[in-house]
Amino acid sequence: MAHDTKTWRCGKYELKFDRPRIMGVLNVTPDSFSDGDESNLDVDAAVARGVAMLDAGADIIDVGGESTRPGFTPVTPDEEAKRVLPVIRALAQRGAIVSVDTRHVEVAKAAVRVGASIINDVTGFTDPKMIEFVKTVKCGVVITHAGELVEPARTHKAVQLDTSAAAFVAEKARAAAAAAAAAANAPASKRRGRGVGSRLMGGLVQPQLPFGDAPNGSKAEEEKKALEAPAASDAEATAAAVAAELAGSAIEASAAQAASTAAGDAPLTQEDNLAALMARSARREEAYVSTSQLRRFTLPDSAPIMRRVMGFLSDQARALIHAGVSRDRICIDPGAGFGKNANEDIIIQRETAKMASLGYPLMCAVSRKRFIGTVSGVAEPADRDAATFGVCLGAIQNGANIVRVHDVAGFAQFLNGYWAVARPQPRRAFVALGSNLGRRVDNLRAAKDLIAEIPLTCVSNCSRIYESEPAYEERQEPFANAVIEIRTELAPLILLDELLKVEDKLGRNRTKSARPNGPRTLDCDLLWMEGETHGGDKLRLPHPKLGERDFVLVPLEDLMHDPARFFRYEGVDVKEPEDRVGHIISELDTL
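Please read all numbers here as calculations on a predicted model, not as lab measurements.

Side note on the overall build of the protein
Thought 1: Looking only at helices and strands, the protein has 17 helices and 18 strands in total.
Thought 2: In the protein, which comprises 591 residues, the proportion classed as buried is 48%.
Thought 3: Residue pairs at least 24 apart in sequence account for 71% of intrachain contacts in the protein once pairs closer than 6 positions are excluded.
Thought 4: With an accessible surface of roughly 28,900 Å², the protein has 53% of that area assigned to carbon and sulfur atoms.

And the structure:
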């Protein structure tokens, strides 16, 4: 995992997986299973929640406008779009990698237009219209296995299999009764010798079974009825359950369409297979009754389950590739909780390494799911985060690349702690230093020494110190500027906090009286970090103003060949020297 070479291209972004990536769940729905609330529909509140996730460590925000919990009520594409589009637009403007969680091609199209970089389709791109759309754009795609969307048609009567001794005896009794009835209807000449037994070839006599012609009300007759009744009732119960399930699906679909029409929405013109699937899943979970049959193993055989899941994911990925979607745009998700019971979900998580071997980025989306409650004994979904982290850790160790969670802050803290001791991973980064108050050169040298003392961090190279014109606010003294190259094992947000501490130690004024681009004793800007793309209000990577600052790009020439070309490759809009701000005036000294 520490040397995972997979990449995921999502529009203008490229995600690398030398470190697991966190996808934050942002539900803009009133009925989500773990955090559903009417306040979720408030756009400003939803955007604030998304920004908070970014600032807590999320790499991606997954915005959804339709709950797909068991028994969910479908919403129309128009209603879903009204919920998610303003949120997606606002987060994309803050530099976030935004995923839209939708199964409607109309919503996907609109979301990409306003800034979404990923389409997360819970139905696994089984809609040909969705495939036709994604082949025309550059966004990333998530193929999810949601179970069998259409339940197979029954071509035979329901059969109740029972290998118990009682069932065997009952079956023999029914056969004997049928034979006796046939014998009673036979001509008299063929019924001779019935009192003792039936004469067979060679003069042998077949003793009559005790359940054949027992008199009405006798003990034998009562035993016969008692043995026949359970088997008959089992078959009747199975047939009744099948009929009820089919009727229930029809009633639910009619009720959902009636509710949608009553609310003023356009009626759902097609059968909603996903809603039926999740409704069936909920009913089966509630109706499950353990049998008395002995089992040799605690879990069913994994082979058929993994053939079904991995076969679907592979087939859909190939279908997308054949349609023209490049392989490095595809991510797969086994779809925990969708059309699966707890045993199946556990088996799938245990087989994470097999799914990772398919070669696509692999998502672990188990946050607060029902099977998490089963293995942890926690009934309330919102209280399952600790158990979620444990399952996610197991998935990461076996090759999962992306973890989709509700509690981003908690999981980011959990992951940073684990990664620091389990996976040594020094990464290259550049930090810009600037000062125009006090002893400018000494301030920069002191900052370099303090940065070298940050845990899990070292300073590997330094530019010369240059004097530059003030940028953005011209009425102030010229700045002394330099750039240092570091190696660090800290996560970007953790490193940023350490850089802010360096500024504070050297007297950076953070009161309201301080002007945003005004004089300062020290300014530390994290410009770029290897393998990292980040959005939000707290930190943007690469730095959004990197390409327009002459006082940054010129010192970088001391550290690398042709920084303009390097950062253009990284997706930064690097301006020509005459169009930049804060031009270099002279060289001052060395660090």
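Back to the text.
Observations concerning the nonpolar core
Thought 1: Membership of the largest hydrophobic core comes to 78 residues, with the highest contact counts inside it found for Val-63, Ile-88, Leu-91, Ile-119, Phe-125, Leu-320 and Phe-411.
Thought 2: Here Val-63 is in contact with Leu-26, Val-28, Val-84, Val-87, Ile-88, Leu-91, Val-98, Ser-99, Val-100 and Asp-101, once residues within four sequence places are set aside.
Thought 3: The next biggest cluster of nonpolar side chains, apart from the first, holds 27 residues, and it includes Ala-447, Ile-484, Leu-499 and Leu-539.

Remarks on the sheet that holds strand E10 (residues 330-333)
Thought 1: Read from one edge to the other, the open sheet built from 8 strands follows the order E10-E7-E6-E5-E4-E3-E12-E11, with strand pairing classed as parallel. Pairing within the sheet leaves two strands with one partner each, and these edge strands are E10 and strand E11 (363-364).
Thought 2: Across the sheet, helix H2 (residues 77-93) is in contact with strand E3 (21-27), strand E4 (60-64) and strand E5 (97-101); its angle to E4 comes to roughly 160°.
Thought 3: Against the sheet, helix H12 (residues 385-397) makes contact with E11 and strand E12 (402-405), and its axis sits at roughly 170° relative to E12, the strand it touches most.

Some thoughts on helix H14 (residues 440-452)
Thought 1: For H14, which comprises 13 residues, the first-to-last C-alpha distance of 19 Å matches the rise-based estimate of 18 Å (1.5 Å per residue) to within 8%.
Thought 2: Every buried residue of H14 is accounted for by Val-441, Asn-443, Leu-444, Ala-447, Lys-448, Leu-450 and Ile-451.
Thought 3: In the core, the buried residues of H14 are packed alongside strand E13 (427-435), strand E14 (457-462), strand E15 (464-468), strand E16 (479-488), helix H15 (492-505) and strand E18 (584-590).

As for the packing of H2 against helix H3 (residues 105-113)
Two numbers describe a pair of packed helices, the interaxial angle and the distance between the axes.
Thought 1: It is at 9 Å that the axes of H2 and H3 come closest, and there the two elements cross at 20°. Between H2 and H3, the angle is such that the two are roughly parallel. As for how H2 packs across H3, the hand of that crossing is right-handed. Contact residues: H2 offers Pro-77, Glu-80, Ala-81, Val-84, Leu-85 and Ile-88, while H3 offers Glu-106, Val-107, Ala-110 and Ala-111.

What about the state of the cysteines?
Thought 1: By the definition in use, this model includes 0 disulfides.
Thought 2: Here Cys-10 is not cross-linked by a disulfide; its sulfur's nearest cysteine counterpart is in Cys-331, at 8.2 Å.

Brief notes about H12
Thought 1: With 13 residues, H12 extends 18 Å from end C-alpha to end C-alpha; this agrees with the ideal 18 Å at 1.5 Å per step.
Thought 2: Buried within H12 are the following residues: Asp-385, Thr-388, Phe-389, Val-391, Cys-392, Leu-393, Ala-395 and Ile-396.
Thought 3: Close packing links the buried residues of H12 with helix H9 (342-350), helix H10 (352-356), E11, helix H11 (370-376), E12 and helix H13 (408-422).
Thought 4: Among the residues trailing H12, Gly-399 stands out with phi positive, at a value near 115°.

Describing unusual backbone geometry
Thought 1: Put simply, Leu-541 and Pro-542 share a cis peptide bond, and its omega is -10°.
Thought 2: On the secondary structure map, Pro-542 appears in the loop between strand E17 (523-529) and helix H16 (550-556).
Thought 3: Look at Phe-125: it is not a glycine, yet its phi comes out positive at around 60°.
Thought 4: With a phi angle near 55°, Asp-562 is a residue other than glycine that sits in the positive phi range.

Describing the packing of aromatic side chains
Thought 1: For the coordinates displayed, the defined rule picks out 9 aromatic pairs.
Thought 2: On the basis of an interplanar angle of 90° and a centroid distance of 5.0 Å, the ring pair of Phe-566 and Phe-567 is categorised as edge-to-face.
Thought 3: Judged by its relative accessible area of 24%, Phe-566 is partly exposed.
Thought 4: Overall, the relative accessible area of 0% leaves Phe-567 in the buried class.
Thought 5: What links up through ring pairs into an aromatic cluster is the set Phe-430, Trp-528, Phe-566 and Phe-567.
Thought 6: For Arg-327, the ring lying beneath its charged end belongs to Tyr-360, and the centroid distance is 4.1 Å.
Thought 7: Against the face of Tyr-472 rests Lys-545, its NZ or CZ located 4.6 Å from the ring centre.

Considerations on the pattern of salt bridges
Thought 1: Counted according to the given criterion, the structure contains 35 salt bridges.
Thought 2: The shortest N-O distance in the salt bridge between Glu-532 and Arg-21 comes to 3.1 Å. Of this pair, Glu-532 sits in the loop between E17 and H16 while Arg-21 is found in strand E3, placing the two residues 511 residues apart along the sequence.
Thought 3: For Glu-532, a relative accessible area of 6% corresponds to the buried category.
Thought 4: Under the relative-accessibility criterion, Arg-21 is labelled buried at 2%.
Thought 5: For Asp-550, the salt bridge is made with Arg-580, and the minimal N-O distance between the two is 3.1 Å. You can see Asp-550 sitting in helix H16 and its partner Arg-580 sitting in the loop between helix H17 (563-569) and E18, a full 30 residues away along the chain.
Thought 6: Given a relative accessible area of 7%, Asp-550 falls into the buried group.
Thought 7: Several salt bridges share partner residues, and in doing so they unite Glu-503, Asp-504, Arg-508, Arg-510, Arg-520 and Asp-523 into one network.

Thoughts on the confidence of the model for the protein
Thought 1: Across the protein, pLDDT averages 83, with 75% of residues at or above 70.
Thought 2: Low confidence marks residues 229-235, where pLDDT is under 50. Its contacts with residues over four positions away, or in another chain, come to 2 contacts.
Thought 3: The low-confidence segment residues 249-270 (pLDDT under 50) makes 16 contacts with residues lying over four places distant or belonging to another chain.

Focus: the side chain of Thr-533
Thought 1: Within the secondary structure, Thr-533 is located in the loop between E17 and H16.
Thought 2: For Thr-533, the contacting residues outside a window of four places in its chain are Tyr-13, Glu-14, Asp-59, Ile-97 and Leu-541.

The rules behind these values
Residues numbered from 1 in each chain as written. Predicted model: local features only at pLDDT ≥ 70, side-chain atom pairs only at ≥ 80, totals over all residues. Heavy atoms only, no water. Helix = DSSP H or I, 4+ residues; strand = E, 2+ residues; numbered from the N terminus. Buried < 20%, exposed > 50% of the residue type's maximum accessible area, 1.4 Å probe, protein only. Contact = heavy atoms within 4.5 Å. Areas by Shrake-Rupley, 256 points an atom, 1.4 Å probe, with all protein chains shown as cover. Core = buried A, V, L, I, M, F, W, Y, C linked by side-chain atoms within 4.5 Å. Pairing = 2+ DSSP bridges. Axes fitted to C-alpha atoms, helices over the stretch in contact; angles between N-to-C directions. Expected span 1.5 Å × (residues − 1). Parallel < 35°, antiparallel > 145°, perpendicular 65-115°, else oblique. Left-handed = near helix turned anticlockwise from the far one by under 90°. Disulfide = S-S within 2.5 Å. Phe/Tyr/Trp six-rings, centres within 6.5 Å; stacked < 30°, edge-to-face > 60°. Lys NZ or Arg CZ within 6 Å of the ring centre and 35° of its normal. Salt bridge = Lys/Arg side-chain N within 4 Å of Asp/Glu carboxyl O. pLDDT = per-residue confidence, 0-100.

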